[in-house]
Amino acid sequence: MGHDKKEMISFYLTTRCNLDCIYCYTNKNSASHTHQTLDIEFAKAGIDDYYKTGFAHHVRFFGAGEPTVEFGLMKRILAYAKKKDVNTTAELQTNGCFHRDITTWIAQNIDIIWISSDGLPEIQNQCRPLAGGGGSSGILEENISYLVQNCRGMTGIRVTITNANVCKQIEIIDYFSKFGIKNFWVDPVFPSIGSEDAYEEIDMKVFTNEFIKAVKYAFRCGITYGSILTCNFNEPGEYACRACLPVPHLTTDGYVSACDMALFGNDANHMNVFIYGKWNKETCKIEYSQEKISYLQSRKLSNMPKCQNCEAGKYCRGYCLGEVMNETKNLFGCKQKICQPTKTILNSLSDEEKEYYYFHP
């Protein structure tokens, strides 16, 4: 299934975080966003509207901060969604650092858990230290072990690839597989919102070679190893991702976004193209822009001649729209440095190695 099939409503619960990642792409710590929390009435209205559509009844908890910091709010939102439809499924993208009572609830109530990590403990502790100082790998290992053994669904690892771990991808597989992890996604580090440069530049040729070796190694071990570069490889299509549908992502400052990289509606920058709705507290309704919705839906392969004529076009589909918009400021632009790596990977993997059981987180 292509990534555009990941139909869901996402909730950005808070801007607070218990880690201090050195390459964090959000601007959650800016003066205008400090300690913001999602309005529960906004969340309920978002569910009401979303459940009237034909999209899957799947809810997801995400940034800009760490969702479990607002654990009580997360429970309330899921309870409301389950009341609307008892068959609602739930997903969490988390840094994996929380107390055992939270771990127990997650294991019993969340169907898909993606834990963001940098892999090996020494790299995790360097790149993702606790907000108050100190390493986070010990807490992470304890929670992963518990979740893999007790979770009602799937626990997977999402790794940010930097120069510190780009050549350690097979080691990362070995490390986490000891805890029973069977599903991996890796993303090369990318620039923060509004920044011209990434935290660091990685050599995409090196990434490509190491990634292909890791995929083949994982496949032999019965493990899935994918990337944002490959998330649409298992079927051709028009849309790169859910941002092109769009499906709602509710922000802490009261807006509806189409993309994980457009975290705030009040920020007057190029990512505002993804903001297509606003919460009206007085009317207790969400006001949507049909013009913006139609514009986002127009971002498809048939409207991108350069990508349409590429051998990988129908499997890349213009790549991650958030990254492309952030780095080119053009909805129909192209992130050129990933073009050749994508084609190389596409031609290097077997059909079986391109199959994924879970969507890209």
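The rules behind the values
- Residues numbered from 1 in each chain as written.
- Predicted model: local features only at pLDDT ≥ 70, side-chain atom pairs only at ≥ 80, totals over all residues.
- Heavy atoms only, no water.
- Helix = DSSP H or I, 4+ residues; strand = E, 2+ residues; numbered from the N terminus.
- Rg over C-alpha atoms; globule rule 2.2 N^0.38 Å.
- Buried < 20%, exposed > 50% of the residue type's maximum accessible area, 1.4 Å probe, protein only.
- Contact = heavy atoms within 4.5 Å.
- Areas by Shrake-Rupley, 256 points an atom, 1.4 Å probe, with all protein chains shown as cover.
- Pairing = 2+ DSSP bridges.
- Axes fitted to C-alpha atoms, helices over the stretch in contact; angles between N-to-C directions.

Caption draft 1: Structural context of the overall build of the protein. Scanning the protein from terminus to terminus reveals 12 helices and 11 strands. Against the globule reference of 21 Å for 361 residues, the protein gives a C-alpha radius of gyration of 19 Å, in line with a compact fold. Principal-axis analysis of the C-alpha atoms places the extent of the protein at approximately 55 × 50 × 40 Å. A total of 361 residues make up the protein; the buried ones form 58% of that total. Long-range contacts, defined as pairs at least 24 residues apart, comprise 74% of the intrachain contacts of the protein with a sequence gap of at least 6. Total accessible area on the protein stands at roughly 14500 Å², and carbon and sulfur atoms take up 49% of it.

Caption draft 2: Examining the sheet that holds strand 7 (residues 224-227) more closely. What the 11 strands build is an open sheet, ordered 7-6-5-4-3-2-1-8-9-10-11; its pairing is mixed. Only two strands of the sheet have a single partner each, and these edge strands are strand 7 and strand 11 (285-288). Judged from the six bridges that link them, strand 4 (residues 112-117) and strand 5 (residues 154-161) form a sheet pairing that is parallel. Bridge pairing links W114 to G156 in strand 5. Along the sheet, helix 5 (residues 137-150) makes contact with strand 4 and strand 5, crossing strand 4 at roughly 160°.

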